[in-house]
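Coordinates in review
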Amino acid sequence: ANVPGARERCFALKDCEDARRLREAVGERFERAARAGDAATARELTFAVVGGGATGVELAGELSDFVNDVGRLYPSLPQEAPRVVLVHSGDELLPQFDPDLRIEALRALERRGVLVRLGRRVQRVDEEALRLDDGSDVPCALCAWCAGTAPV
């Protein structure tokens, strides 16, 4: 499906250069939030991952670890501020894996503080949020698109 705004506003994760760009963008978001000080919003330190397959799950877990580690370098920011949200259209993560592994992947992400939104499709990617099929928004500073097999 061709999601409006995804191509223009989301990071892909297909190669090492994509990963480097994503890492730099996350660091830039922390710098901006630190400069904003008390005016920084939760959105500025919320990072979304779309897709609950192997790439999306791995990225969400690693990104959660990374933003929590980097967040410690910015004592002026609330420690609970950095947040990762994973949006997946299916009812379970990692549909190609055994059920026990799917359950453990969900639990592992939740233990790391990742907010997992299952059974939701992204309808549109705006400048400041993902619009989901239930009409709700996921405000975020940046989004990594790891869903589907077609390039974004």
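Just above sits the structure.
A short tour of the structure in this document, coming up. (Residues numbered from 1 in each chain as written. Predicted model: local features only at pLDDT ≥ 70, side-chain atom pairs only at ≥ 80, totals over all residues. Heavy atoms only, no water.)

On to the sheet that holds strand β7 (residues 137-139), then. Pairing within the open sheet is antiparallel, and its three strands lie in the order β5-β6-β7. In this open sheet, the two strands that pair with only one neighbour each are β5 (122-125) and β7. The sheet shows a mean angle of 20 degrees between the axes of neighbouring strands, direction not considered. Where β5 lies against strand β6 (residues 129-132), three bridges are found, and the strand directions are antiparallel. Note on β6: the bridge partner recorded for V125 is L130. (Pairing = 2+ DSSP bridges. Helix = DSSP H or I, 4+ residues; strand = E, 2+ residues; numbered from the N terminus. Axes fitted to C-alpha atoms, helices over the stretch in contact; angles between N-to-C directions.)

This part takes up the pairing of strand β3 (residues 83-88). Most of β3 sits inside the fold, with five of its six residues counted as buried. As defined by bridge partners, strand β2 (residues 46-50) adjoins β3 across five bridges and the pair is classed as parallel. Note on β3: the bridge partner recorded for F47 is V84. Each parallel crossover has a hand, and for β2 linked through helix α3 (residues 54-71) to β3 it is right-handed. Bridge count between β3 and strand β4 (residues 115-118): four bridges; the pairing is parallel. Residue V87 lies in a different strand from β4, and its bridge partner there is R117. Regarding topology, helix α4 (residues 99-111) serves as the crossover connection from β3 to the parallel β4, and that connection is right-handed. (Buried < 20%, exposed > 50% of the residue type's maximum accessible area, 1.4 Å probe, protein only. Right-handed = clockwise from strand over helix to strand, strands pointing away.)

On to helix α2 (residues 16-36). Every α-helix winds through 3.6 residues per turn, so residues three or four apart in the chain are directed the same way. Here α2 contains 21 residues, and its C-alpha end-to-end distance of 31 Å stays within 8% of the 30 Å for a straight helix at 1.5 Å per residue. If you follow the buried residues of α2, they end up packed against β1 (10-11), β2, α3 and β8 (142-145). Positive phi shows up at G37, right after α2, with a value of about 60 degrees. (Expected span 1.5 Å × (residues − 1). Contact = heavy atoms within 4.5 Å.)

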